[in-house]
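The primary structure of each chain is shown beneath.
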Amino acid sequence: MSSILLQDYSVQVNKHYRLTQLNWELSAGQHWVILGGNGAGKSALAAILCGVGEPLSGSIQGLPNKTALVSFEAQAKLIEQELKKDDADIVDVIPEGTPVKELLTLPETDAKRLAELIELFKFQPLLERGFRKLSTGETRKLMLMRALACRPDLLVLDEPFEGLDLASTQLLTDLLQAVAEHIRIVMVLNRVDEIPSFITHMAYMEQGQLLHQVAVNDPIASADLQQLLHLKTTDLKIPHAPREHLPPKLDPSNPLVRLRKARIAYAEKLVFADLDWTIQAGEHWQVTGPNGSGKTCLLNLITGDHPQCYTNDIFVFGMQRGSGESIWQIKQYIGYVSSNLQWEYRVSITVRNVIISGFYDSIGLYQKYTDRERVIAEEWLALLGMSERAAESFQQLSYGDQRLVLIARAMVKHPTLLILDEPCLGLDDLNRQLVLALIEKICTGTETTVLYVNHRTQDNIAGIHQHLALSS
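So, how was this worked out
Residues numbered from 1 in each chain as written. Predicted model: local features only at pLDDT ≥ 70, side-chain atom pairs only at ≥ 80, totals over all residues. Heavy atoms only, no water. Pairing = 2+ DSSP bridges. Helix = DSSP H or I, 4+ residues; strand = E, 2+ residues; numbered from the N terminus. Axes fitted to C-alpha atoms, helices over the stretch in contact; angles between N-to-C directions. Contact = heavy atoms within 4.5 Å. Parallel < 35°, antiparallel > 145°, perpendicular 65-115°, else oblique. Left-handed = near helix turned anticlockwise from the far one by under 90°. Nonpolar A, V, L, I, M, F, W, Y, C, P; charged D, E, K, R; others polar. Buried < 20%, exposed > 50% of the residue type's maximum accessible area, 1.4 Å probe, protein only. Salt bridge = Lys/Arg side-chain N within 4 Å of Asp/Glu carboxyl O.

Chemist: Could you give an account of the sheet that holds strand 3 (residues 32-35), naming the residues involved and the relevant values?
Modeler: Taking strand neighbours across the sheet as the criterion, the six strands line up as 5-6-7-3-8-9 in an open arrangement whose pairing is mixed. Edge strands, defined here as strands with exactly one partner in the open sheet, are strand 5 (67-70) and strand 9 (209-215). Put simply, the sheet's adjacent strands are angled 15° from each other on average, direction ignored. Both strand 6 (residues 154-158) and strand 7 (residues 184-188) contribute to a ladder of five bridges, which runs parallel. Bridged to Leu157 within strand 7 is Met187. Running at roughly 35° to strand 8 (residues 201-206), helix 7 (residues 219-233) makes contact with strand 3, strand 8 and strand 9 of the sheet.

In structure tokens form, the structure reads like this:
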């Protein structure tokens, strides 16, 4: 059994959808599951392994001669064929469709294998029944039996457990476990908890792109991918903040931040000048620029941490900078995450308590927290897919998980403005996707305005529509 290799492969799946520049190797002995959200392109990727679609560029090599595909699309095609047959029937006869035994038998069917499957799925009483009289689950079983009876070299199963009861699901799982010894299997699943034990590799799709490929026996990469799926596909909501921790309400007619002719200079070096910028409530911004363009300086003007903030015309949270306001009056409206904060957070503390410390703007936790604060911290951990890690030491987390926890820490009070200074700095691609997924949830699920600073303009986040590009 040779490898299946896709190299920069682009294919027109149907008249409305195409996949582009796919790079993927399915080696001998590997069984894959394709994961991702609805509309990510999972079904299309699976289908092209069975010859679906018109190649546009690149190459796909090593596809076996005998493939079988079980999918909702294939099921719908069979139903459509049956409906067309009914159109020719006598109008005063209620159509029942083609008998099941005829649909189960294809030219390539192995009769002995089919007989075994009929007995296994207890389909003997249904053989004379018309297709139109089958239930949804029975139709699904028919599709599976047809595919398996052909003894394919490659079996592609798109959501094979959908429509099956618990007993049938277990029956199919056991059957696939057995046939995986001599048939290569590729599955499409929406639920991680449905992944059978014989699966060796996981692929992750998003917006038609094959973004990640990890081995199941790689515990770190596998856990990160499952966490990404949790953030992307679960319907968990952003936890609410206790009223006592919410900052005073602002006048909605005022912007959150307004800079007029802002200027930062050091001796002979001018960082930027004549910068006008207004941030309205609910208006999420991405700020990009090369090293030295002044991104962090700009943030520090807003937070009050830059010595030149009082020589600039800055209006923040209803206050004109330099009018007698305190730094804490400003910072009560701000949540802040940066690589420097992560380096500074070196105290011995549990993951749960790091999040709770956000209620007190402290590095570490030095006072007794309330039951409500604990509950909210645990709700955030559930959102992150880290509930079981609440009592672990923060220092034992991976670099990427630490960053996620610090974003949750910044968000527990639902700050008016969440400033994320290079939140993906130092992260590998999978952890970067995790952080971006969390930011996306915050943008679409809260009233917090997000200010996201990074180098990469291509890191687009749903909900962020404003862009400020600084130049060196």
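Chemist: Give me the packing of helix 7 against helix 14 (residues 429-445): which residues, what numbers.
Modeler: The interhelical angle for the contact between helix 7 and helix 14, taken along N-to-C directions, is 20°, at an axis separation of 9 Å. As summarised for this structure, helix 7 and helix 14 are arranged roughly parallel, according to the angle between their axes. Of the two elements, helix 7 crosses helix 14, and the hand of that crossing is left-handed. Contact residues: Ala221, Asp224, Leu225, Gln227, Leu228, Leu231 and Lys232 in helix 7; Leu430, Asn431, Gln433, Leu434, Ala437, Leu438, Glu440 and Lys441 in helix 14. Looking at the contact of helix 7 with helix 14 residue by residue, the classes come out as eight nonpolar, three polar and four charged.

Chemist: How would you sum up the environment of Ser326? Please name residues and give values.
Modeler: Considering the arrangement of structural elements, one finds Ser326 in the loop between strand 14 (319-320) and helix 9 (327-331). The exposure class of Ser326 is partly exposed, given its relative accessible area of 31%. Ser326 sits 22 residues away from Gly304 along the chain, and the two C-alpha atoms are 9.4 Å apart.

Chemist: Summarise the sheet that holds strand 4 (residues 54-61); cite the residues concerned and give the values.
Modeler: Within the open sheet, the three strands sit side by side as 2-1-4. Their pairing is antiparallel. With partners counted over all chains shown, the strands left at the sheet margins are strand 2 (17-26) and strand 4, one partner each. Adjacent strand axes in the sheet meet at a mean angle of 20° when their direction is disregarded.

Chemist: Mind laying out the pattern of salt bridges, listing which residues take part and the relevant values?
Modeler: Pairing between side chains of opposite charge can happen when their charged atoms approach one another. A complete count under the given rule lists 14 salt bridges for this structure. Among the salt bridges present, the one from Arg321 reaches Glu325, with a minimum N-O distance of 3.5 Å. By relative accessible area, Glu325 is classed as buried at 11%. In this structure, the salt-bridge partner of Arg389 is Glu392, at a minimum N-O distance of 3.1 Å. For Glu392, a relative accessible area of 27% translates into the label partly exposed.

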